[in-house]
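# Descriptive structure summary
Residue-level listing of the chains:
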Amino acid sequence: MSGMHLSKEFFELIKAIGESKSKQEEDRIIASEILTLKKKLDGSSGGGGGMIMSPGSPIPSMGTPGGKGGNNALSSKKKAREFLVRLLYVEMLGHDGSFGFIKAVELAAAQSIMHKKTGYLICSCCLSPDHEFRFMLVNQMQRDLISSNLLECQGALVAVTNLITSDLVTTVSTQVIGLLDHTSEIVRKKAIIALHRLHQLSPDAVTMDELVDKLRKMLCDRDPSVMGSTLNAIEAMARVDVRPFKDLVSSLVSVLKQICERRLPSEYDYHRIPAPWKQMKIVRILSVIGKNDSQSSEGMYEVVADCLRKADEAGINASNAIVYECIRCITTIYPNPVLLDAAGASISRFLSSRNQNLKYLGVTGLASIVERHPKYAADHQLAVIECLEDKDETLLRKTLDLLYRMTNPVNVEFITDRLLHFLRGSTDPYMKKDLTGKICTIAERYAPNNAWYVRTITELFKIGGDMVDHAVATNLMSLIAEGTGNEDDDEEADMVLRKQAVELYVSILGNPPNRMPRVLVETLAWVLGEYGYLSSTMTLDYIIDSMCTLLQSGNTAKLGGGAATTRRLVLSAIMKMVAQYGSCPAAAAKCIDEYTKSQDPDTQRRCLEFMAMLTTAPYLLGEVFPIDASLEDVEVDVGLSFMNGLVAEAVSNGARPYQKPDDDDDDDVYGGGAAAAGASAFKMTPYEKPSEKTYGQGQMHGLGSTSMGPTGAANVALPPGGAMNAHGGGGVTPMPVAQPANDGLTLRSTANVWGKKPAAPAPMAPATNSFAATTNSFANSNTINSPTSSGGYGGSSSYGGSS
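Quick caveat: nothing in here was measured; it's all calculated off a predicted structure. (Residues numbered from 1 in each chain as written. Predicted model: local features only at pLDDT ≥ 70, side-chain atom pairs only at ≥ 80, totals over all residues. Heavy atoms only, no water.)

### Notes on the overall build of the protein
A count of helical and extended segments in the protein gives 35 helices and six strands. Relative to its 803 residues, the protein shows a buried fraction of 45%. A fraction of 67% describes how many contacts in the protein between residues 6 or more apart in sequence connect residues 24 or more apart. For the protein, the accessible area works out to roughly 42,200 Å², and carbon and sulfur atoms hold 52% of it. (Helix = DSSP H or I, 4+ residues; strand = E, 2+ residues; numbered from the N terminus. Buried < 20%, exposed > 50% of the residue type's maximum accessible area, 1.4 Å probe, protein only. Contact = heavy atoms within 4.5 Å. Areas by Shrake-Rupley, 256 points an atom, 1.4 Å probe, with all protein chains shown as cover.)

This is the structure in structure tokens:
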């Protein structure tokens, strides 16, 4: 409906909708319009708005018998048509307009073609596929399909494609097939489209063979518009099943040649380009038919080359679209070197253009060539790199995808460097995530050597570590530990790789960025913890101090967010390096001592165990923290045979041998034990009254003190014989440990929260030898004495206490 035919009410409605400031205001406007339309369509302004049957019409109409009721709004078909268009606005904006659907069905049966098209339009847009009113339209569509009025046939064919459902196909298929022979080319064109739609809805009613036979006939129609509609149906069906159209290559080539030679009427030209849309459609069909088929492809080489050449000479937008389709066709069909060279030349022209749209075509076309013929990428590598400097985000994404496809062992270093440079300045999280995955993939696939791979992945950790999969870090650590994995390569090459990795991470540790991702911190801690002794630029004690500074800096951004697992890995690395260094620097002692009071149980346990081992059994550090043993299998003695000697010694000293309880759960499962014999499974004997000294208290005394050595001490050395050389020196002899004279109970920062609070603290009772012999822990003596004259720790008892 043109603007000059709009009523004032309709004009005000459209204006109010366009000027509404919120959804609520728009809803109020539509609600008011719904009330108005209901009043108009129900005929409330006049009398007798009942529904009657019009003579000769299968559809009921609304109005007054005998043509009376002239004041009724529905008496005017023009107003009724406007009301239904206003109803369409109501439906488009999400409100219910079902109250007017019956009027749309009535309007579809009108004699006026404008009213009929409006009725079909409203029904097509508003009626759901299962709506009952669709059945009321079938008879009307059948009447229109066989009508002698050309416009009624056209309107019915359009309605068939939108309103017919799968269960109604058989009711109109015969009439649609009959219209393929209509004298009007417009009707034949619409009939082809309608028949294809009926086949999609019900392949059993309109079979493939029947439709293909009709399409072959209509492809040679004397009117180009009918031939164009046939091409649409052929392309859609060929993408589903190309076999019925394999023998159409000669016909399609003949049609395309006629178009290129300008044999079609000039009314089909667009900016002096003959029928560009038909050319593109035929080229696309040829690409589908010729894919992986050398025989079919040979028949289309000549016409595709001619089409590409003539379109490339024109140099306008319409011809550029034809060139792009020809490039896609050339890269899809069976390859021909001459055509590939011609396509490469056209792509080069696109990439060198200042027009961003043409650059996009060039990048997309080059991506299709590179996918199957990578050798053509080398000539355009620099031109593609320049596209990364463009501000068009769509072009950037396509260029990044093309670079990923172009990567090979020759250009992997250059392309990866450019991708990392782009990633460093990108702010789009989705693009960074996608680009990070692509860099990981090409680095693993085309890495020229292991050292380059370690440097590249480490740089990727620094730039986008939060988006890197942790499996990448695991693979990197495995590469450093295992080396090449080839038997022919000697250990010397693997050791060189480890030294290079250590120097790389030492440089990061020496000058850490303001923010380090978690994966970078964890990888750094593992590498330096395992191989820190290999560094030639930084001493091991300086590395330990730097790691402690990083851990205690309080800057969670430098510590990968400060997660508990990350702190545990850094602490483990410090402990490994202490074992390699042979003595415990004061910074490490202070750091580990502070984390004995950590809220994380795992971290606290690690630190307490390490301090107990350091003070009581330093000779075990070499076994607990072996050098370069990350990939060695750990032998587990599931039978605990190493305890046999201790058990035998305890039994010989009078200990009672172990006896399996009568009420053991394993016996209960099989019906044995005391419970099966009728005895009670519960022990009702009360516990003995505890003595003043409770087992377990004080056994870690001193391990959580302010430091592991005197204030101001540079290092806290291990006892004589307990130090290990930096390269995993061999056996060490444990230092004889002196037994303290008095082992007292130390309650550091503890409160009596159980039982009754004593009135005054009682003086500590001196520890007896029986208590010292009873406690079995990492450190029975619980006071770290000052370093002895030899630099070690004294005053700690050894393992083996057993009652």
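From this point, the narrative continues.
### Quick word on the pattern of salt bridges
Per the stated rule, a full pass over the model turns up 39 salt bridges. The shortest N-O distance in the salt bridge between D241 and R243 comes to 3.0 Å. For the salt bridge of R605 with E609, the shortest nitrogen-to-oxygen distance reads 3.4 Å. One end of the pair is R605 and the other is E609, both in helix α30 (residues 601–616) and four residues apart, which spans about a single turn. (Salt bridge = Lys/Arg side-chain N within 4 Å of Asp/Glu carboxyl O.)

### Points about the nonpolar core
Membership of the largest hydrophobic core comes to 203 residues, with the highest contact counts inside it found for F461, L528, M547 and I574. Considering every element that reaches this core, the biggest residue donor is helix α26 (residues 518–531), with nine residues. If we skip the residues at most four places from it in the chain, M547 touches L509, L524, A525, L528, V570, A573, I574 and M577. (Core = buried A, V, L, I, M, F, W, Y, C linked by side-chain atoms within 4.5 Å.)

### Notes on the packing of aromatic side chains
Taken as a whole and judged by the stated rule, the model has four aromatic pairs. Ring geometry for F10 against Y89: centres 5.8 Å apart, planes inclined by 85°, an arrangement best described as edge-to-face. With F10 in helix α1 (residues 8–19) and Y89 in helix α3 (residues 77–92), the pair connects residues that are 79 residues apart, well separated along the chain. F10 gets classed as buried once you look at its relative accessible area, which sits at 2%. With 5.9 Å between their ring centres and 65° between their planes, F610 and F625 make a pair best called edge-to-face. With F610 in helix α30 and F625 in the loop between α31 (621–624) and α32 (644–652), this pair connects stretches of sequence that are 15 residues apart. Take F625: its relative accessible area is 16%, and that puts it in the buried class. (Phe/Tyr/Trp six-rings, centres within 6.5 Å; stacked < 30°, edge-to-face > 60°.)

### Here we look at a nonpolar patch on the surface
A surface patch of nonpolar side chains, about 540 Å² in accessible area, is lined by L640, F642, M643, L646, V647 and V651. Residue position: F642 is located in the loop between α31 and α32. (Patch = residues over 30% accessible without salt bridge, like charges linked within 9 Å, V, L, I, M, F, W, Y side chains within 5 Å.)

### A short note on helix α10 (residues 208–219)
Along an α-helix, residues three or four positions apart point the same way, because every turn accommodates 3.6 residues. In this model α10 runs 16 Å from its N-terminal to its C-terminal C-alpha over twelve residues, within 8% of the 16 Å that 1.5 Å per residue would give. At its buried positions, α10 is contacted by α9 (185–201), α11 (224–240) and α12 (249–260). At the N-terminal end of α10, a side-chain oxygen is found 3.3 Å from the backbone nitrogen of E210, two or three residues along, and the residue is T207. (Expected span 1.5 Å × (residues − 1). Polar contact = N/O pair within 3.5 Å; in protein donor to acceptor, adjacent residues only side chain to side chain.)

### Some words on the environment of T458
Here T458 shows up in helix α23 (residues 450–464). A sequence separation of 50 residues divides T458 from I508, and the C-alpha atoms of the two residues are 9.9 Å apart. Excluding residues within four positions of it along the chain, T458 makes contact with L476, L504, Y505, I508 and L520.

### Quick look at the side chain of S229
Position of S229 among the secondary structure elements: in helix α11. Sequence-distant contacts of S229, that is, excluding residues within four places in its chain, are made with K189, I192 and I193.

### A short note on the packing of helix α7 (residues 150–163) against α9
Across the interface, α7 lies against α9 with an axial gap of 9 Å and an inter-helix angle of 20°. Between α7 and α9, the crossing angle belongs to the class labelled roughly parallel. Between α7 and α9 lies a crossing whose hand is left-handed. For the pair formed by α7 and α9, the contact residues are L150, C153, Q154, L157, V158, V160 and T161 on the first element and I186, V187, K190, A191, I193, A194, R197 and L198 on the second. Of the residues in the contact of α7 with α9, the class split is eleven nonpolar, two polar and two charged. (Axes fitted to C-alpha atoms, helices over the stretch in contact; angles between N-to-C directions. Parallel < 35°, antiparallel > 145°, perpendicular 65-115°, else oblique. Left-handed = near helix turned anticlockwise from the far one by under 90°. Nonpolar A, V, L, I, M, F, W, Y, C, P; charged D, E, K, R; others polar.)

### Here's the deal with the environment of E185
Relative to the helices and strands, E185 is located in helix α9. With 37 residues separating them along the chain, E185 and R222 place their C-alpha atoms 9.0 Å apart. E185 has contacts with D223, S225 and V226, leaving out every residue within four places of it along the chain.

### Digging into the confidence of the model for the protein
Summary statistics for the protein give a mean pLDDT of 79 and a share of 77% for residues scoring 70 or more. Confidence, expressed as mean pLDDT per element, reaches its minimum in the protein at helix α35 (residues 769–774) with 34 and its maximum at helix α13 (residues 276–290) with 95. Here residues 694–747 is a poorly scored stretch, pLDDT under 50, and it has 118 contacts once near neighbours within four places are set aside; other chains count. Here residues 761–803 scores under 50 on pLDDT; set against residues more than four positions off or in separate chains, the count is 90 contacts. (pLDDT = per-residue confidence, 0-100.)

### Some thoughts on helix α16 (residues 317–332)
Taking 1.5 Å of rise per residue, the 16 residues of α16 would be expected to cover 22 Å, and the 23 Å separating its terminal C-alpha atoms lies within 8% of that figure. At its buried positions, α16 is contacted by β3 (269–270), β4 (273–274), α13, α15 (301–314), α17 (337–351) and α18 (356–372).

### Structural notes on unusual backbone geometry
In most cases, non-glycine residues show a negative phi, while peptide bonds are predominantly trans. Of note in this structure, R262 is not a glycine but carries a positive phi near 60°. By secondary structure assignment, the location of R262 is in the loop between α12 and β3. Looking at R262, the relative accessible area reads 48%, which means it is partly exposed.

### A short note on the state of the cysteines
Inspection of every chain in the model, using the stated rule, returns zero disulfides. Unpaired in terms of disulfides, C123 finds its nearest cysteine sulfur in C126, a separation of 8.0 Å. Unpaired in this structure, C125 has its nearest cysteine sulfur neighbour in C126, at a distance of 5.9 Å. Taking the relative accessible area as the measure of exposure, C125 reaches 48% and is therefore partly exposed. (Disulfide = S-S within 2.5 Å.)

### Notes on the packing of helix α4 (residues 101–108) against helix α5 (residues 113–126)
The geometry of α4 relative to α5 is characterised by a closest axis approach of 7 Å and an angle of 140° between their N-to-C directions. In terms of orientation, α4 lies oblique with respect to α5. For the pair α4 and α5, the sense of crossing is left-handed. Residue-level contacts link F101, A104, V105, L107 and A108 of α4 to H115, K116, T118, G119, Y120, I122, C123 and C126 of α5.

### A short note on the side chain of D600
Looking at where D600 falls in the secondary structure, it is placed in the loop between α29 (586–594) and α30. Here D600 is in contact with A564 and R568, once residues within four sequence places are set aside.

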